[in-house]
Amino acid sequence: MTSPALQEVIALLAAPAAGNPAQYLFERAIVEAGLDWRFLTFEVPPERLAEALAGIAALGLRGGLLGGLLPAAALPLVSTTSPAATFSGAVNLVTRDEAGGMAGHMTEGRGIIEALRGHIEPAGSRAVVLGAGPGGRAAALELALAGAAHLAIGDPDPARAAALVESLTGLATATAAWIEWTAALELPAETAIVVHALDPAAGSVRCGGLRADLVLVESGLATRPTAPAARAAAAGACVVDGIEVHATRTAIDFHALTGLEAATDMLYAYRRHCATNSSPVSIPLLSYSISLAVT
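These numbers were taken from a predicted model, which means no experiment stands behind them. (Residues numbered from 1 in each chain as written. Predicted model: local features only at pLDDT ≥ 70, side-chain atom pairs only at ≥ 80, totals over all residues. Heavy atoms only, no water.)

1. Details of the side chain of Arg137
- Here Arg137 is to be found in helix H6 (residues 134–145).
- Although Arg137 lies buried, it forms no salt bridge, and the closest oppositely charged side chain, Glu166, sits 8.5 Å away as judged by the N-O distance.
- Non-local contacts of Arg137, meaning those with residues more than four positions away in its chain, are made with Phe87, Ser88, Ala132, Ala163, Leu164 and Ser167. (Helix = DSSP H or I, 4+ residues; strand = E, 2+ residues; numbered from the N terminus. Buried < 20%, exposed > 50% of the residue type's maximum accessible area, 1.4 Å probe, protein only. Lys, Arg positive; Asp, Glu negative; His and termini not counted. Salt bridge = Lys/Arg side-chain N within 4 Å of Asp/Glu carboxyl O. Contact = heavy atoms within 4.5 Å.)

In structure tokens, the structure reads:
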């Protein structure tokens, strides 16, 4: 920041940006923390992401969140990447580094783990991760680092599942194997945790072997329960929905950008209220059209 008289600014860059709850969650956290900061939401097409990231650096913004199609496109566009971003192949949070460039982070997996810890301890558990895209890779990494005993990976693309298993094996923290993908997927015995991280375009899957002592966590925000979540709830299992995960991840991102703690319970209650009522906050969407020459 160039002057203490200027407000710090955080931005959401997303494609699409409409429907993303980041702004009103961050604004609530900013108010609760007593900060005189601002949060802006920008609709940024993937082909203009490099310009948008250069704009964040050039304008001196504190940092930004990336959503929609942008996280996977951001990895080669940032100056440095965290181990989680490198492992997952995607970036959902950018901060300014000491050299004035942009550092890329991936906090989605940590959000899932911290949300899970409110219901089950991952250490020593056997987990199934449905989806081997960036979200699934981020979740699998954090489960392995949290001490999960075994990870079973399922994905409609067997090569992508096998690649994630190979990456996890290289960590030498937990055993891992990929499971054959079918429309009716039978969970391995002794599964304690199921992470549903399928890309929306991948369709759905029916999971057999769901039990009341399982915990299933949804990585994404859905307007209605996904098929695995609905079946898990019907079986009496604990379902950690995307709202809880998103609130937890917002607290992590808020701390990364401000150095301050945000109350996850407050964010979850506020997000739940907005999901069940008309949103009390109007979020203007801005089309990013600033062209910057980057050398």
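2. Observations regarding the sheet that holds strand E7 (residues 126–130)
- The six strands are arranged E9-E8-E7-E11-E13-E14 in an open sheet whose pairing can be described as parallel. Of all the strands in the sheet, the pair left with one neighbour each is strand E9 (175–178) and strand E14 (238–240). Across the sheet, the mean angle from the axis of one strand to that of its neighbour is 20 degrees, orientation sign disregarded.
- Both strand E13 (residues 215–218) and E14 contribute to a ladder of three bridges, which runs parallel. Counterpart to Val217 in the pairing with E14 is Val240.
- Lying over the sheet, helix H8 (residues 227–234) contacts strand E11 (193–196), E13 and E14, oriented at roughly 150 degrees with respect to E13. (Pairing = 2+ DSSP bridges. Axes fitted to C-alpha atoms, helices over the stretch in contact; angles between N-to-C directions.)

3. Comments concerning the packing of aromatic side chains
- Applying the stated criterion across every chain yields a total of two aromatic pairs.
- Consider the rings of Phe26 and Phe39, whose centres lie 5.2 Å apart with planes at 40 degrees: the pair is tilted. In this pair, Phe26 is assigned in helix H1 (residues 22–33) and Phe39 in strand E2 (residues 38–43), connecting sequence segments 13 residues apart. Grouping residues by exposure puts Phe26 and Phe39 together as buried.
- Members of the aromatic cluster, connected to one another through ring pairs, are Phe26, Phe39 and Phe254.
- Over the ring of Phe87 we find Arg137, and its NZ or CZ is 4.8 Å from the ring centre. (Phe/Tyr/Trp six-rings, centres within 6.5 Å; stacked < 30°, edge-to-face > 60°. Lys NZ or Arg CZ within 6 Å of the ring centre and 35° of its normal.)

4. Thoughts on the confidence of the model for the protein
- On average, residues of the protein score 88 in pLDDT, and 89% of them are at 70 or above.
- Between the elements of the protein, mean pLDDT differs from a low of 40, seen in strand E15 (residues 286–287), to a high of 98, seen in helix H4 (residues 83–88). (pLDDT = per-residue confidence, 0-100.)

5. Overview of the pairing of strand E6 (residues 102–105)
- As defined by bridge partners, strand E4 (residues 80–81) adjoins E6 across two bridges and the pair is classed as parallel. From the neighbouring strand, Thr80 faces E6, where its bridge partner is Ala103.
- Where strand E5 (residues 93–96) lies against E6, four bridges are found, and the strand directions are antiparallel. The partner of Thr95 across the bridge, within E6, is Ala103.
- Here E5 folds back onto E6, and the loop between the two strands holds five residues, one of which, Gly100, carries a positive phi near 90 degrees.

6. Quick word on the side chain of Glu142
- Among the structural elements, Glu142 can be located in helix H6.
- In this structure Glu142 is buried but unpaired, with Arg110 as the nearest side chain of opposite charge at 5.6 Å.

7. Observations regarding the nonpolar core
- The biggest cluster of nonpolar side chains holds 54 residues, and the ones touching the most others in it are Leu13, Leu66, Leu143, Leu151, Ile153, Leu168 and Val195.
- Beyond its immediate stretch of four places on either side in the chain, Ile153 contacts Val129, Ala132, Ala140, Ala161, Leu164, Val165, Leu168, Ala177, Trp178 and Ile179.
- Ranked by size, the runner-up nonpolar core spans 21 residues in total, among them Ala22, Phe39, Phe254 and Leu257. (Core = buried A, V, L, I, M, F, W, Y, C linked by side-chain atoms within 4.5 Å.)

8. Some words on the environment of Leu145
- Within the element layout of this structure, Leu145 appears in helix H6.
- Put simply, Leu145 and Ala174 are 29 residues apart on the chain and 8.3 Å apart in space, counted from C-alpha to C-alpha.

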